[in-house]
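Results of the structural survey
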Amino acid sequence: MLQRIYGTAFARKKDLDDYLNMLEEAKKRDHRKLGPKLDLFMIDTDIAPGMPFFLPKGSIVLNELMNFSRELHKDAGYVEVITPLVMNVKLWHQSGHWDHYKENMYFTEKEDTMYAIKPMNCPGHILIFKSKSVSYRDLPVRMFEFGKVHRYERSGVLHGLLRVRSFTQDDAHIFCTPDQIEEEIIGVIKLIDRIYSPFGFTYRAELSTMPEDHMGEEATWRRAESALKSALDSIGLEYRIAEGEGAFYGPKIDFMIKDSLGREWQCATVQLDFLMPERFDVNYIGPDNKEHRVVMIHRAIYGSIERFFGILIEHYAGAFPTWLAPVQVVIIPISDKHIEYAKKVAKKLDEDGIRVEIDSRRETLGYRIRDNQMKKVPYMFILGDREAENEKVSVRTRHGRETKDVDLDEFVQKIREEIKERRRTLSFDE
RNA sequence: GCCAGCGUAGCUCAAUCGGCAGAGCGGCGCAUUCGUAAUGCGCAGGUUGUGGGUUCAAGUCCCACCGCUGGCUCCA
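Notes on the structure follow. Because the structure is predicted, anything quoted here is derived from the model rather than measured.

Looking now at the overall build of chain A. Broken down by element type, chain A carries 14 helices and 20 strands. Each principal axis of the C-alpha distribution contributes one length, and for chain A these read about 80 × 65 × 55 Å. Relative to its full complement of 430 residues, chain A shows a buried share of 49%. Here chain A displays about 22,200 Å² of accessible surface, and carbon together with sulfur accounts for 48% of that area. Taken together, the 65 basic and 71 acidic charged side chains of chain A have centroids lying 3 Å from each other.

A few words now on the environment of Ile186. Along the chain, the position of Ile186 falls in helix α7 (residues 181-196). Judged by relative accessible area, which is 17%, Ile186 ranks as buried. Those residues in contact with Ile186, other than ones at most four positions away along the chain, are Ala231, Ser234 and Ile235.

Take the protein's contact with RNA strand B next. Ser155, Arg307, Arg362, Arg370 and Glu387 are the nearest of the 42 residues found near RNA strand B. Sugar and phosphate atoms constitute 40% of the interface atoms of RNA strand B, taking the interface as everything within 4 Å of the protein. Taking His159, its side chain carries an N or O atom lying 3.4 Å from a phosphate oxygen of RNA strand B. A distance of 2.5 Å separates a base oxygen of RNA strand B from a polar side-chain atom of Arg163. A total of 6 residues in the surface near RNA strand B trace back to one element, the largest contributor, which is helix α12 (residues 365-374).

Summed over all chains, the structure comprises 25 aromatic pairs. Arranged with centres 6.3 Å apart and planes meeting at 55 degrees, the rings of Phe41 and Phe54 form a pair that is tilted. Of this pair, Phe41 sits in strand β1 (residues 41-42) while Phe54 sits in strand β2 (residues 53-54); the two residues are 13 residues apart in sequence, bridging distant segments of the chain. Between the aromatic rings of Tyr302 and Phe308, the centroid separation amounts to 4.5 Å while the plane-to-plane angle is 40 degrees, which identifies the pairing as tilted. Overall, the relative accessible area of 0% leaves Tyr302 in the buried class. Residue Phe308 is classed as buried on the basis of its relative accessible area, which comes to 0%.

Glancing now at the pairing of strand β12 (residues 264-273). With respect to burial, β12 is a largely interior element, 7 of its 10 residues being buried. Alignment of strand β11 (residues 252-258) against β12, held across 6 bridges, turns out to be antiparallel. In the strand pairing of β12, Lys258 is matched with Glu264. In this structure, the hairpin formed by β11 and β12 is closed by a connection of 5 residues, where Gly262 is found at a positive phi of approximately 80 degrees. By the bridge criterion, 5 bridges tie β12 to strand β15 (residues 295-304) in an arrangement that is antiparallel.

Each value, and the rule that gives it
- Residues numbered from 1 in each chain as written.
- Chains lettered and ligands numbered in written order.
- Predicted model: local features only at pLDDT ≥ 70, side-chain atom pairs only at ≥ 80, totals over all residues.
- Heavy atoms only, no water.
- Helix = DSSP H or I, 4+ residues; strand = E, 2+ residues; numbered from the N terminus.
- Buried < 20%, exposed > 50% of the residue type's maximum accessible area, 1.4 Å probe, protein only.
- Areas by Shrake-Rupley, 256 points an atom, 1.4 Å probe, with all protein chains shown as cover.
- Lys, Arg positive; Asp, Glu negative; His and termini not counted.
- Charge placed at Lys NZ, Arg CZ, Asp CG, Glu CD.
- Contact = heavy atoms within 4.5 Å.
- Near = heavy atom within 4 Å.
- Polar contact = N/O pair within 3.5 Å; in protein donor to acceptor, adjacent residues only side chain to side chain.
- Phe/Tyr/Trp six-rings, centres within 6.5 Å; stacked < 30°, edge-to-face > 60°.
- Pairing = 2+ DSSP bridges.

Right, dumping it as structure tokens:
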């Protein structure tokens, strides 16, 4: 009989202290605690373990993340599609998921036909690509989807939003010629950098090469690997090589982002895929009027928007920058007689596209300030006689910084700029 | 899935050896109309995760299942 004993050891006392501090800080930021507390999401472990419900406030954050991503994808020449969640199981026989991934899939049956709930978006995108013949002039095709996928993850691996059974990938497949691989990879890496930049993460890349158990010619692999390498080199991005860690269908680059506590998370991934084009016979018509096999690049940038959201909650400790904050301004009228002025101010903010709420609960001023501060609302307006008379607002940031007698138009102008530029700091904090 | 621990009110937790399920916060009601981080009083809230077993008696002991936490393995 063997007994397993766990331990953690440190070379220096200071390392231990740092580690304990990190654990303490991580606990305070735990998205599983903050999420329900800030009304962002909930998980009903009895009804749908591993499948989060997003509450109205959390849905605002997710939609902001998606809008931001859409904007940049459109810029980068992607087209957006939507594919079915439930598709005939024969599609998954053809893709090979039945053989390699069955244990992780959900199935449903209707009138003697078996359907699978999609665990990945690739086969759906391939069906769209193949629905008409494609000329070499049309390549590359960059097909993008916020694809909701379901994977039966083994019990014991679930973890809040960071490891779930139902999630949404910001997934895209680039169909291109072998000659276009390098340029497309460079495009993806640049897009990753643009999408990550407002969040203030640092990140690093890892290139995974041909594994023992691989599919296809070694020469093709080496060519693909060198395309990935020269893409990384030409961008000047630092990367490690994980020898033999690639998927069996192609080499890949993974991106690890580092959060505010120095913890690393794998989010973005870029994978070359030689297998799917074979299995689905995916071709384009070349200048020679003959069919040629396409190359597929599979890539996701947030990875899973649920996971990315969870990481952001911890990264910001729930205090989202204004562009992501579910409520951007809370107006606190000092007493009932100031509600009218509060409504007038709220209307103006609302018309300017600012997410605003009025907190006119019959509670003391101190209570309402404290409550909204703990909800991490970026800005509070305290409105009493003084403000109503001069048609001004008193601004208090969630860090406690007060600015009295602010002109409303001036506030709107500043905050709109802050939102538009997706700044991480509050305009009235200094 | 594996190893270990845990599951009591919406949340955080209490309940001695197996002997009447309790508190704070939150919620609701009433009073308070207030100038920058918690006003006071009152009320409601429970099939103790689910199912079975032992016992005069189970939140507490035993078994199974579900779920959660930490780790392993796997992954976005």
